[in-house]
Amino acid sequence: FIESVWRIVPADESSDINKVIDRHIEKCSTYEERKERCVVYCCPEANDVATASSVISTVGAYAEEKQNERITLTYPNKATRIFSDGIVRQVKGSFIAAAYAGIEAAMPVFNSKTRAVTTVFNELLGPKLTRGQKNELAAKGVLIFEQPDGAGEDIFCRHQLTTDMSSVDTRENSIFG
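Residues numbered from 1 in each chain as written. Predicted model: local features only at pLDDT ≥ 70, side-chain atom pairs only at ≥ 80, totals over all residues. Heavy atoms only, no water.

Draft legend 1. Looking closely at unusual backbone geometry. In this chain, Tyr75 is followed by Pro76 through a cis amide linkage whose omega measures 10°. By the element assignment, Pro76 lies in the loop between β3 (71-75) and β4 (78-82). Not every positive phi belongs to a glycine, and Gln67 is a case in point at roughly 35°. When you line up the elements, Gln67 lands in the loop between α2 (52-66) and β3. Residue class for Gln67 comes out partly exposed when judged on its relative accessible area of 47%. Residue Arg115 is not a glycine yet carries a positive backbone phi of 70°. Mapped onto the elements of the fold, Arg115 is located in the loop between α3 (93-106) and β6 (117-118). Judged by its relative accessible area of 42%, Arg115 falls in the partly exposed class. (Helix = DSSP H or I, 4+ residues; strand = E, 2+ residues; numbered from the N terminus. Buried < 20%, exposed > 50% of the residue type's maximum accessible area, 1.4 Å probe, protein only.)

Draft legend 2. Expanded view of α3. If you check α3, its first and last C-alpha atoms are 20 Å apart, about what 14 residues at 1.5 Å a residue would give, namely 20 Å. Those residues of α3 that fall on the buried side of the exposure criterion are Gly93, Ser94, Ile96, Ala97, Ala99, Tyr100, Ala101, Ile103 and Glu104. (Expected span 1.5 Å × (residues − 1).)

Draft legend 3. Focus on the sheet that holds strand β7 (residues 123-125). Here we have three strands laid out as an open sheet, ordered β5-β4-β7, and antiparallel in their pairing. A strand with exactly one partner marks an edge of an open sheet, and here the two such strands are β5 (88-92) and β7. Within the sheet, the average angular offset between the axes of one strand and its neighbour, ignoring direction, is 30°. (Pairing = 2+ DSSP bridges. Axes fitted to C-alpha atoms, helices over the stretch in contact; angles between N-to-C directions.)

Draft legend 4. Broad picture of the environment of Leu124. Following the sequence through the fold, Leu124 ends up in strand β7. A relative accessible area of 5% means that Leu124 is categorised as buried. Here the alpha-carbon distance between Leu124 and Val39, two residues 85 residues apart in the chain, equals 21 Å. The residues contacting Leu124, other than those within four sequence positions of it, are Pro76, Lys78, Ala79, Ile96, Phe145, Glu146, Gln147 and Ile155. (Contact = heavy atoms within 4.5 Å.)

Draft legend 5. Broad picture of the side chain of Ser29. For Ser29, the position within the fold is in the loop between α1 (15-28) and β2 (38-42). With relative accessibility at 15%, the residue Ser29 sits in the buried group. Of the polar contacts made by the side chain of Ser29, one reaches the side chain of Arg70; its length is 3.4 Å. When residues no more than four places from it in sequence are discounted, the contact partners of Ser29 are Glu36, Arg37 and Arg70. (Polar contact = N/O pair within 3.5 Å; in protein donor to acceptor, adjacent residues only side chain to side chain.)

So far we have only geometry, and geometry alone does not tell us how the molecule works.
Below, the structure written as structure tokens:
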């Protein structure tokens, strides 16, 4: 691991890689080390979920299992992007996680990333969730991107969350208690 890296976004979406990164974050973010590492990734088990209830149970359970103020879990897990050759291609959740890390890097740390906009993707893919279902998923510690106006329109970060929803001090990654 590179010493100066603060935000980690793994390109590999496997649970094994995520577990190694989780341990690294815990070790480096101790009071003694004070390297304050954080990670953004997606739920590797959610790539083929077909219904809103399976999103909530799969992605929500993964976030609840993590329950860490230094881990941000994004949903959805797939999107399309128009590449420079004009072809629309599907991309994995790690690209969405990287887009969120880019949003964070571009904004001052004191600004909330809630309602931040990205135009990197053409369309978010996956089961569409109602407002109530999004609230249920968010309550489990999942950062949700939404595209209310449809394909080709702006994509918003619905709310800036971590997987630790236990207190107001830990549920947003801009606040470390």
